[in-house]
Number of protein chains: 2
Amino acid sequence: MKDTDNIPALMADIGKRAKAATTALATATAERKHAALIAAADAVWARRAEIIAANAKDLDFGRDKGLSAAMMDRLMLDEGRIQSMVDGLRAVAEQADPVGAVLAEWDMPSGLNIQRVATPLGVIGVIYESRPNVTADAGALCLKSGNAVILRGGSESFHSSGAIHACLVDGLRAANLPEESIQLIPTRDRAAVQALLTMTDYVDVIVPRGGKGLVGLVQREARVPVFAHLEGIVHIYLDKSADPQKALDVILNAKTRRTGICGSAECLLIHRDIADTLGRDVLDALAAAGVEIRAEAGLPGPDGMIAATDEDWGKEFLDSIIAARQVDDVDAAIAYIRDHHSQHTDCIIAEDQAAVDRFFATLDSAILMHNASTQFADGGEFGMGAEIGIATGKMHARGPVGATQLTSFKYLVRGNGTTRP
Amino acid sequence: MKDTDNIPALMADIGKRAKAATTALATATAERKHAALIAAADAVWARRAEIIAANAKDLDFGRDKGLSAAMMDRLMLDEGRIQSMVDGLRAVAEQADPVGAVLAEWDMPSGLNIQRVATPLGVIGVIYESRPNVTADAGALCLKSGNAVILRGGSESFHSSGAIHACLVDGLRAANLPEESIQLIPTRDRAAVQALLTMTDYVDVIVPRGGKGLVGLVQREARVPVFAHLEGIVHIYLDKSADPQKALDVILNAKTRRTGICGSAECLLIHRDIADTLGRDVLDALAAAGVEIRAEAGLPGPDGMIAATDEDWGKEFLDSIIAARQVDDVDAAIAYIRDHHSQHTDCIIAEDQAAVDRFFATLDSAILMHNASTQFADGGEFGMGAEIGIATGKMHARGPVGATQLTSFKYLVRGNGTTRP
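Cut-off values and rules
Residues numbered from 1 in each chain as written. Chains lettered and ligands numbered in written order. Predicted model: local features only at pLDDT ≥ 70, side-chain atom pairs only at ≥ 80, totals over all residues. Heavy atoms only, no water. UniProt positions renumbered as here; feature names shortened; annotations may be inferred. Pairing = 2+ DSSP bridges. Helix = DSSP H or I, 4+ residues; strand = E, 2+ residues; numbered from the N terminus. Axes fitted to C-alpha atoms, helices over the stretch in contact; angles between N-to-C directions. Contact = heavy atoms within 4.5 Å. Buried < 20%, exposed > 50% of the residue type's maximum accessible area, 1.4 Å probe, protein only. Right-handed = clockwise from strand over helix to strand, strands pointing away.

Per an unreviewed UniProt entry, chain A is named Gamma-glutamyl phosphate reductase, and its organism is Aliisedimentitalea scapharcae. Regarding chain A, the relevant UniProt record gives this comment under Sequence similarities (unreviewed entry): "Belongs to the gamma-glutamyl phosphate reductase family." Turning to chain A, the UniProt record has this under Pathway (unreviewed entry): "Amino-acid biosynthesis; L-proline biosynthesis; L-glutamate 5-semialdehyde from L-glutamate: step 2/2."

Draft legend 1. The sheet that holds strand S5 (residues 182–184) of chain B, seen in detail. Residues and elements named next belong to chain B. A sheet is described by the order of its strands in space; here four strands give the open sequence S5-S4-S3-S6, paired in parallel fashion. With partners counted over all chains shown, the strands left at the sheet margins are S5 and strand S6 (205–209), one partner each. On average, each strand axis in the sheet is inclined to that of its neighbour by 20°, with strand direction left out of account. By the bridge criterion, three bridges tie strand S4 (residues 148–152) to S5 in an arrangement that is parallel. Each bridged residue has a counterpart across the sheet, and for Leu 151 the counterpart in S5 is Leu 184. Its contacts with the sheet place helix H1 (residues 7–26) against strand S3 (123–128), S4 and S5, and it is angled at close to 145° to S4.

Draft legend 2. Highlighting the pairing of strand S7 (residues 234–238) of chain B. Residue and element names in this part refer to chain B. With five of five residues buried, S7 lies mostly within the body of the structure. Neither face of S7 is open: one carries Val 234, Ile 236 and Leu 238, the other His 235 and Tyr 237, and all of them are buried. Relative to strand S8 (residues 265–271), S7 runs parallel, the two being bridged by five bridges. Bridging from a neighbouring strand, His 235 pairs with Cys 267 of S8. With helix H10 (residues 244–256) bridging S7 and its parallel neighbour S8, the resulting β-α-β unit is right-handed. Here S7 runs beside strand S12 (residues 345–349); their pairing, made up of four bridges, is parallel. Considered in S12, the bridge of Ile 236 is made with Cys 347.

Spelled out as structure tokens, the structure:
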């Protein structure tokens, strides 16, 4: 039993164990990592009753805490969701192993042969909120990419994450890999997060997944590199050149398919010239689908629209709510988005190629879309398999972060007694 | 004239101007950036007398400050070195433009077309010491890669950097690009560095180039992402399987060709079985070449070796000095290097392929070499053209950092009214 009262000592111990596991992990064969993931998937399914029982404790805790219905839904695990988790583990197992891949190779006139080869990052700290299945996804992706991982789940999913983590450890044991390859911080104490963010000797990168509070904390406190995963403040700009049917299809899907995911649309910018025609039709359709519209004053739309307040702009609702306003043209849309988005995903609905080109060239979001639902912002939909999240920073991993994005690289240089003149 | 007394206001102003320049830079054509670099090269040559006069002031300052001969040499500019700077600017101008390059493209069954496209990072802060030519190199590489840059030179090279910067601004003006694309902090005040490291609203990445003091400051204080450029604590492991001639050639070159560069060897690890034979020959040759040897007790070697102190291990001498010790085998060498290197460049001299494979697989240095001089650790020698330095962090850019490594990317997703089921 670990001493969870002395947080600095606990975290230093966890960090040291993770670091110690990196050598074995970096040189672990693809077969062994595959075997660990398959065994973990088997364990999750075999121990599903335990996981559901642990989840029941978390749901009680969540009810007592007064979590919203959306939060409770994200927290809940049933057999269907556990099956998805198992499928996810198996899918990561079957992916190509990214470690050791020769990313580039060339010869120099000096006689040197140079290879750039994919390597693990080392130790990854993953900090996440509510959704307990992240425990399995993040653990699997870090293992696949040869990294040791220190997981810190949300306090709401404490018991569920613990039960899932136990299954991952079963998998590691079955494949004779170090148990310390995947560790879960065994306390809800927030001081553990603080410690994780400053363990420069042991942690190579922090992956935060969560809301503004978490991201703010990480930005203020982290002393190790961060793969920023900001919230998804997704904007859609409806140009005057838009095709009406595409506009209706894409915007309805982007807002209503699932409102709780980071690729869900949160703000609609409507070209002024079509605000009274296509813009109004789109808003009518959203309202008919049960979406609450928080509108700028003067925006034509259905009865029942709510006047937007300052807080509604640049906000991630993660609910059946959308903010809406008019803009003068594509440049005004770009300027507005720059000031209000989170560099996650933004979309233009247009047939005018010049407007699309300008939108694509000028905005620096991780993902830019044209005439496509922002709900496609997802590693699976990008063909990358499972993802740990959608990174919004500009460094290293960006967009969907799968196993390949969790690697670094090194240069291997081969000579034959080669000296530099 | 800028007010250099109010550092926070000065730096906020510089940051805002840099950020404002990013839109024009991100969409600037390759031709325009090329023209700016050629005009800057012309200006450096035309104004070389001014640069040399400014450098004379810096040399006086350095003498008064009692800088070492090595530091004074790094600071000094003459026509030959200015010609090299001009050549460097022209070489960067002629490189392929990395911005907008389609790094990958694929189609998904959903009907989406996905491209990963290279984009500028945004605003880069470069903090460097002594060598004034970094002003030209860093300015050119950031411009080539479509980034705005805020340069902070060493206090020793204050006047030289200012004179070189003026020429870069000439180039920007000639090409009608924003002057704020390349800014130099116009004060030696250290508070400016502090401000630069915490300007999360304006700065996307910090590139520190310098010694331990600078790197330590950046690690403690930075609130923006960092491309760590640690010092080069370069180790060479001499295996018992080494070819004697290759060993002598490579180790002599690695230590003596130029002692002041980061790829210069600083510590030699000798397999115990050959310490009295090849190891001794290598140390004799180093001593004959005038290299001071700081040796572990009991290491066979020439007269005049100095007993190493604890401080000599894991040290970047940047001088005609090398530390030397015995190790039991390749695993002991790897373990020692892990504890003492800076993840920059390490080398194995061996004919035993199994030892080489283990060295390459297990160490996580940015550059690993086999039978080749560590002095090849250089962007030019890697075929990448000019470099801003050798990054030792694991995130994003790693190894030689040229224009291509100073970019990020975004995903451009094209649909046709495509919705997600």
